[in-house]
Every structure is written in structure tokens, then in C-alpha cells.
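For reference, the chains in residue letters:
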Amino acid sequence: MTVNYLETHSTDPAFNLAFEEYVLENKGEGDWLILWQNDNTIVVGLNQNTAEEINRDFVEKHHVHVVRRRTGGGAVYHDLGNLNYSFISDLGNAETLTISRFTEPVCRALESMGVHAETSGRNDIVVNGCKVSGVAQRIYKNRILHHGTLLYDSNSEMVAGALHVDPDKFQSKSAKSVQSRIGNIRSFLPQDMSLEDFWKKLLAELAQDGFTEQFLTAGELHQIEKTAEDRYRSWDWVYGKSPEFDYHQKRRYPGGTLEVYLRITDGIIRNVRFVGDFMALESMEPAVRALRGSRFRKEDTARILETLPLRRMFGGIMEEDILDVMYR
């Protein structure tokens, strides 16, 4: 049976996730394949704490997008050296469903290019012990979405930098990403090829019975863009959806030591406590009250701090010091 093939014609992660979601929920017949790319992006899993999975300093410095998907699993990094695939098909018997139903065709496609790949125990695709693909699935009614990454020629330094977080800062019950040794498919090829050629060969192998290129209408694309804006670009979805967690950090500044304890629920600061040897002139309780109930977002905290007499409350600790200990 021929495959219905789509491309998103976008590298915007919010749009691409909304595109995938639309096809899953609105194309109820036949097999569909989407190949797509995101520009510099961290994609966190449905049940993860975003703040716990990203290196915030690195993300801000390198202008990395951060989005949350609607499938489980761990956080992954995408760039234009990475190719993503999405299979959408009938669910069939959910009791006998296995990841290999979708990973085996990908492994066969890589084998046809001279790369021996196999599915690991954690449902990754590995080559010579190196993870080259992470996968996840979602069921919608009688349909299933299976999607995965294919690290073809990704920037390994960006992968390491964007996802490296100090585990001592956070305590939560969220699903944690498992660090794996990663590799690029390109380095395992017996004969080099461009990503564009890899894309074409992968498509040919995954749609061996042929494919029909499909296009969504202007109305459908408008609906996708609305979902991208309302959900995937929303702070409430990307950060606020995170499970409850505790955050703790301590730093030494010229004005003294500052230590902060936070309890975050639904992305909202529920409780905050400051400790330190700075020379305070009056109680910091007004700052605590002002921060409670606000979003755990640097811009929101900065706006609150600007309204407070910080020098009297925190002595020589400056506004940028407080922001530093709360968000780095």
C-alpha cells in the first residue's frame, strides 16, 4: 500500500509539532509519513520538568528554542543536522503493539545504506553502541503516532551543552532523561552523502511500495498555526505543564552568600525562602509575598524585583545576583 507523504516546509518546532498533531487527529485513514527538521531546539517529553532538563544559560546564549511534545520519553536536541520522522497509522491490537513495528523499517533503511543499526533495550536505535535515534509514541482513538529523531550530522557540542543541567539544583518526581552516548549516522556511512541525499534514500526505503506526496490546504495550515501559537509556543504548556518540583541553589557574591529554596507547581512559585549572610536592614518578607503566586520565569521575577527596596532587604546583593541564583 502506498504511503501518504508530507513535509512541513518549516524548521519552526512549534509549527512542526502542531502539524504532526493535526495529521494524527484529522487524517483518519491510511498510512502517513512526515519527514521534518527543527532549527536549534530542545524538545522535552510530556511528563518532564522543562527547567530540570535544559541548561538555561546555554539555551539563552545560543537562542535555542524550547518546546514540549505530547509524547513521553526524555528530552532531545534537534538542529539542521538532525532529521525527524513521523509514522501515523492504524493502531491495530494495542495489546501486541511494540516499538519494533516502527523502528525495524528505520533500521532496514539504514542497513540499506551500509549502516548496521538495531533497537536497544530503551527503545533507542543504536549503531556500534551509540544512540542515533530516540523514539516515542502516542495513541489517539484508533490511530497511533510514532516519531523519532535521526542524528545524521548534528553538532555534538550543542547537544551536550543544551541538555547538561546540574542535578543538585532540582528535586522532583518528573520523568528524567537518561544520558546516552550519541553518534552521528554520517560518521558510520561507508560512503559519504549529503543530508539531502540521505533524506531521499530514507524516504525511498520507508515507502518501498511507493508514496503519494500530499499537501494540506491553506485552511488546515491556518489551524495548525493557531495550535502552534496557543499550545506549543505557550509558556504555560512548555514550562507550566511541568510536575511539581523543588529548586535549590547557593552562590557567593561580593555582597555576601545568597541561598534560595523554591517550591514550583504548574510553573508557579508556591513558596520561596532566601537564606544568606548578606547585611539586610529590614525583613525580606515583602519580597517573599510578592514572588509567591508568580510564574517561575525570569522576566516575571525581574519585574517584581524592580518594585522592591532590595538594598534594604538584601544588603549588597543586587537584583542581577538574585536573578542569577534563581535562574542559573
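Located above this text is the structure these notes cover.
Residues numbered from 1 in each chain as written. Predicted model: local features only at pLDDT ≥ 70, side-chain atom pairs only at ≥ 80, totals over all residues. Heavy atoms only, no water.

Before going further, it helps to examine the overall build of the protein. Check the secondary structure of the protein and you find 12 helices and 15 strands. Per-residue burial for the protein yields a buried fraction of 52% across its 328 residues. In the structure as shown, the protein presents an accessible area of about 15,500 Å², 48% of it carried by carbon and sulfur atoms. (Helix = DSSP H or I, 4+ residues; strand = E, 2+ residues; numbered from the N terminus. Buried < 20%, exposed > 50% of the residue type's maximum accessible area, 1.4 Å probe, protein only. Areas by Shrake-Rupley, 256 points an atom, 1.4 Å probe, with all protein chains shown as cover.)

A few words on the pairing of strand β14 (residues 256–265). Of all the 10 residues making up β14, eight are buried; the element is thus mostly covered by neighbouring parts of the structure. Here strand β13 (residues 245–253) folds back onto β14, and the loop between the two strands holds two residues. Once β14 ends, the chain turns through two residues before running back antiparallel as strand β15 (residues 268–276), passing Asp266 with a positive phi of about 55°. (Pairing = 2+ DSSP bridges.)

What follows concerns empty space enclosed by the protein. Under the criterion given, the structure shown has two cavities of 30 Å³ or more. Residue lining of the largest cavity: Leu17, Glu20, Glu21, Arg69, Arg70, Thr71, Arg138, Leu145, His147 and Tyr232, and that is the complete set. Taken together, the elements giving at least two residues each to the lining of the largest cavity come down to α1 (13–26) and β10 (143–151). A class-by-class count of the residues in the lining of the largest cavity yields three nonpolar, two polar and five charged. Within this model, the second largest cavity holds a volume of roughly 40 Å³. (1 Å grid on protein atoms, 1.4 Å probe; cavity = no way out; pocket = protein on both sides within 12 Å on 5 of 7 lines; lining within 4 Å. Points joined across faces, edges and corners; volume = space filled by probe spheres on them. Nonpolar A, V, L, I, M, F, W, Y, C, P; charged D, E, K, R; others polar.)

It is generally the case that most residues other than glycine have a negative phi and that most peptide bonds are trans. One non-glycine residue, His63, lies in the positive phi region at around 55°. Summarising the element assignment, His63 is placed in the loop between α3 (56–61) and β4 (65–68). Relative accessible area serves as the criterion here: at 66%, His63 is assigned to the exposed category. Even without glycine at this site, Asn128 takes up a positive phi of about 50°. Summarising the element assignment, Asn128 is placed in the loop between β8 (124–127) and β9 (130–140).

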